[in-house]
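Chain by chain, the residues:
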Amino acid sequence: MSREEGKWDKVLQELGDFGVFQLKNYILISLVVLLPPVYGFSYVFSAADINYRCRIEECEPPGSGFITNRTLLEFSIPQIDGTFSRCNRFGVVNSSQVSCDATNFDRDLSIPCTDFIFDSRKKTIVSEWNLTCTENEWKLAFVGTMANIGQFIALPITGFFSDRFGRKAAFILSTLCCGLCGIIKSFSSSYSMLVLFEFLEMALGSGIYACGYVLGMELVGPSKRAFGTLFINSFYTSGGAILGLVALWQDYWRDMLRWLYFPCLLVVAYFWLIPESVRWLLTMGRQDEASKIIRKAAKRNNVLLSEETIAILHGNVPGKVNPVAKKKKKSYPIASIFSSSALLIRLAICSFCWITNTFVYYGLVINSASFGDDIHTSFILGCLIEIPSFIVSYLVLDRIGRRWTLCSSFLVSGIACLSVIFIGADHTTLRLVMFLIGRFGITISFTSIYLYTTEIFPTELRSSLLSFCSTVGRIGAAVAPQTPLLAKFSKSLPMVLFCGTALTAGALILQAPETLNAKLPDTIQQAEKMNNTSANIQ
């Protein structure tokens, strides 16, 4: 930690690391952090598959409801493994004669459907634009893929905007962009328009969590950062549960989106409700604004500032080095990692773990419909199970270490996914339990990998390599929406992939150094001295 950083940490500690001022702002920030999982996974419901079947023109007039007339279906629609086909029907013997009679259907002639009847209990884009059968089902998965591709663009854009114009501005504008794109998306007149705004929404607005997280961390003192992470993450995962409840309440996907995205527009009030990051203001030379925020925080927390702090706020710091006399900090481009084979290996391991985390996490979320009797129940429970995951992460990371936390959580998730393969479809409760265990494990590893990645690389490259791993990790998120299509070939194939990648990541992470109780390495040389059992750098 630099002298400048330590100075302001002391000021924050004097204010109280997590007083009334910080609590009020954390609640406000966390209320917005409820939204990213809502928007990031809204396509799970808006693009959800629904029940449909052929409309038998000879027997059912246009606009007929989705009724199960088994007698009609048995002589008009073929069955596959005891299930009526959704995409094919029997041809008729005499096409010139319209007759709803079993003898008029040729059971040896299976033909593609020309018209469909949809289950009216849920209206998604499937029924809106007739996205049925093999030639169109990929379009449902592509909606989620485009949403995750948008995040590739959002990460660098949001980071640059946040560093240049402020955490608060990036936080608020990302939320507003997300809300506007989402509302426009709810009025989509075509599938292409929907996909376009799904991409734009994520490209412009998926930085909400990152901005809110950084803003929150920079408002509290050092001793409460771990608690702050638990606090904000608990709100984040609660947002997913809210999404499931709204989707259960609103049957029509357009109405669902409008209810979900309208609150984004209210965040404009945050320009007056929350402060800018003190640390960011100081790095931009805006000390007067930073001093006003600190004084306001002291008043709210009922703290009397010391003379030393008042001197700091006025810029009168004893022994302060003349900025002109400071030695210019040497910059280290990310390409300098190629000078170290050890760091290259760590980068490869961390990148694979990031890809695995996003692939398994998003894959389990998207495949929620495969577990339990109802997609809404399994989705909501999957979100709520993340809260104890955050608590466990908070408790074990400083006890058993980073590597073993990551390894064991990958193994738990992988084994849970593997067990699902051997559980029959009729054991829905047991399948749901194993799904929740898998979600529990992968959430712990997802939470831990952020911390581990910041500790394993040197200060001179830390930010660049964390951004690199996070961006590469989006590959897994982009591929995950395609996994339901694999189930068309083999129902167990998605779980096999989730299990295989998780177990591989669990084994690989043990090849990287432990960082528990280690001083953060500042240089490549210090980072190279870290070993697999201890990482105490002097």
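Predicted, not measured: the structure shown is a model, and the values here were computed from it.

**Quick notes on the state of the cysteines**
Throughout the structure, instances matching the rule amount to 3 disulfides. Linked covalently through their sulfurs, Cys54 and Cys113 form a disulfide whose S-S length is 1.4 Å. In this pair, Cys54 sits in strand β1 (residues 52-54) while Cys113 sits in the loop between β5 (105-112) and β6 (116-118), placing the two residues 59 residues apart along the sequence. On the accessibility criterion, Cys54 (0% relative accessible area) is buried. Across the disulfide from Cys59 sits Cys100; the S-S distance is 2.0 Å. Looking down the S-S bond of the Cys59 and Cys100 bridge, the torsion is 105°, so its handedness is right-handed. Here Cys59, found in the loop between β1 and α5 (70-76), pairs with Cys100, found in the loop between β4 (88-92) and β5; they are 41 residues apart in sequence, far enough to count as distant. Residue Cys59 is classed as partly exposed on the basis of its relative accessible area of 23%. Unpaired in this structure, Cys350 has its nearest cysteine sulfur neighbour in Cys469, at a distance of 5.2 Å.

**Re the environment of Ser30**
Mapped onto the secondary structure, Ser30 falls in helix α2 (residues 20-33). Exposure remark for Ser30: the relative accessible area of 0% places this residue in the buried category. In the structure, Ser30 is positioned 203 residues away from Asn233 in sequence and 8.3 Å away in space, judged by C-alpha atoms. Not counting chain neighbours up to four residues away, the residues in contact with Ser30 comprise Phe231, Ile232 and Phe235.

**Digging into the packing of α2 against helix α15 (residues 287-300)**
Contact geometry of α2 with α15 gives a least axis separation of 7 Å together with a crossing angle of 105°. The angle between α2 and α15 falls in the class roughly perpendicular. For the pair α2 and α15, the contacting residues are Val20, Phe21 and Lys24 in the first and Ile293, Lys296, Ala297 and Arg300 in the second. Taken together, the residues of the contact of α2 with α15 break down into 4 nonpolar, no polar and 3 charged.

**A few points about helix α12 (residues 253-261)**
Looking only at α12, the buried set comprises Trp253, Arg254, Met256, Leu257, Leu260 and Tyr261. Projected onto a plane normal to the axis of α12, the buried residues spread over an arc of 160° and lie on a single side.

**Some points on the packing of aromatic side chains**
A complete count under the given rule lists 22 aromatic pairs for this structure. Arranged with centres 5.7 Å apart and planes meeting at 85°, the rings of Tyr52 and Phe116 form a pair that is edge-to-face. Of the two residues, Tyr52 is situated in strand β1 and Phe116 in strand β6; the sequence distance between them amounts to 64 residues. Since its relative accessible area comes to 11%, Phe116 is described here as buried. Here the aromatic rings of Trp354 and Phe446 are separated by 6.4 Å at their centres, their planes lie at 90°, and the arrangement is edge-to-face. In this pair, Trp354 sits in helix α17 (residues 341-366) while Phe446 sits in helix α21 (residues 428-456), placing the two residues 92 residues apart along the sequence. On the accessibility criterion, Phe446 (12% relative accessible area) is buried. Between the NZ or CZ atom of Arg258 and the centre of the ring of Phe187, over which it lies, the distance is 4.0 Å.

**Description of the packing of α2 against helix α10 (residues 208-217)**
Relative to each other, α2 and α10 sit at 170°, their axes nearing to 10 Å. Classified by the angle their axes make, α2 and α10 are roughly antiparallel. The hand of the α2/α10 crossing is left-handed. Across the interface between the two elements, Tyr26, Ile29, Val32 and Val33 from α2 touch Ile208, Tyr209, Gly212, Leu215, Gly216 and Met217 from α10.

**Concerning the environment of Asp49**
Its location among the elements puts Asp49 in the loop between α4 (43-46) and β1. Overall, the relative accessible area of 39% leaves Asp49 in the partly exposed class. Sequence separation between Asp49 and Val126 is 77 residues; the distance between their C-alpha atoms is 6.5 Å. Within the structure, the side chain of Asp49 is placed 2.8 Å from the side chain of Arg86, a separation counted as a polar contact.

**Structural notes on α2**
Its 14 residues give α2 an end-to-end C-alpha distance of 20 Å, which sits within 8% of 20 Å, the value for a rise of 1.5 Å per residue. Within α2 the residues assigned to the buried category are Phe21, Gln22, Asn25, Tyr26, Leu28, Ile29, Ser30, Val32 and Val33.

**Section: the pattern of salt bridges**
Here the structure, examined in full by the defined rule, presents 16 salt bridges. Residue Arg121 pairs with Asp119 through a salt bridge whose shortest N-O separation is 2.6 Å. Overall, Arg121 belongs to the exposed group, its relative accessible area being 62%. Overall, the relative accessible area of 10% leaves Asp119 in the buried class. For Lys185, the salt bridge identified is with Glu201, shortest N-O distance 2.7 Å. Highlighted residues: Lys185 in helix α8 (residues 167-185) and Glu201 in helix α9 (residues 191-205), separated in sequence by 16 residues. For the pair shown, Lys185 and Glu201 are each scored as buried. Taken together, the salt bridges that share partners define one network made up of Glu57, Glu58 and Arg89.

**What about the confidence of the model for the protein?**
Chain-level statistics for the protein give a pLDDT mean of 82 and a share of 88% at 70 or above. Low pLDDT (under 50) marks residues 317-329, which in the prediction has 7 contacts with non-local residues, meaning those over four places away or in another chain. Below a pLDDT of 50 lies the segment residues 533-538, which in the model reaches 14 contacts outside its immediate sequence neighbourhood of four places, other chains included.

**Here we look at the nonpolar core**
Membership of the largest hydrophobic core comes to 120 residues, with the highest contact counts inside it found for Tyr39, Phe41, Val44 and Phe171. Of all the elements, α17 adds the most residues to this core, at 13 residues. Not counting the four nearest positions on each side in its chain, Phe171 is found in contact with Ile29, Val32, Ile208, Cys211, Gly212, Leu215, Tyr270 and Ile274. Among the nonpolar cores identified, the runner-up in size contains 12 residues, and Phe21, Ala290, Ala298 and Leu305 belong to it.

Calculation criteria
Residues numbered from 1 in each chain as written. Predicted model: local features only at pLDDT ≥ 70, side-chain atom pairs only at ≥ 80, totals over all residues. Heavy atoms only, no water. Disulfide = S-S within 2.5 Å. Helix = DSSP H or I, 4+ residues; strand = E, 2+ residues; numbered from the N terminus. Buried < 20%, exposed > 50% of the residue type's maximum accessible area, 1.4 Å probe, protein only. Contact = heavy atoms within 4.5 Å. Axes fitted to C-alpha atoms, helices over the stretch in contact; angles between N-to-C directions. Parallel < 35°, antiparallel > 145°, perpendicular 65-115°, else oblique. Nonpolar A, V, L, I, M, F, W, Y, C, P; charged D, E, K, R; others polar. Arc of directions from axis to C-beta. Phe/Tyr/Trp six-rings, centres within 6.5 Å; stacked < 30°, edge-to-face > 60°. Lys NZ or Arg CZ within 6 Å of the ring centre and 35° of its normal. Left-handed = near helix turned anticlockwise from the far one by under 90°. Polar contact = N/O pair within 3.5 Å; in protein donor to acceptor, adjacent residues only side chain to side chain. Expected span 1.5 Å × (residues − 1). Salt bridge = Lys/Arg side-chain N within 4 Å of Asp/Glu carboxyl O. pLDDT = per-residue confidence, 0-100. Core = buried A, V, L, I, M, F, W, Y, C linked by side-chain atoms within 4.5 Å.

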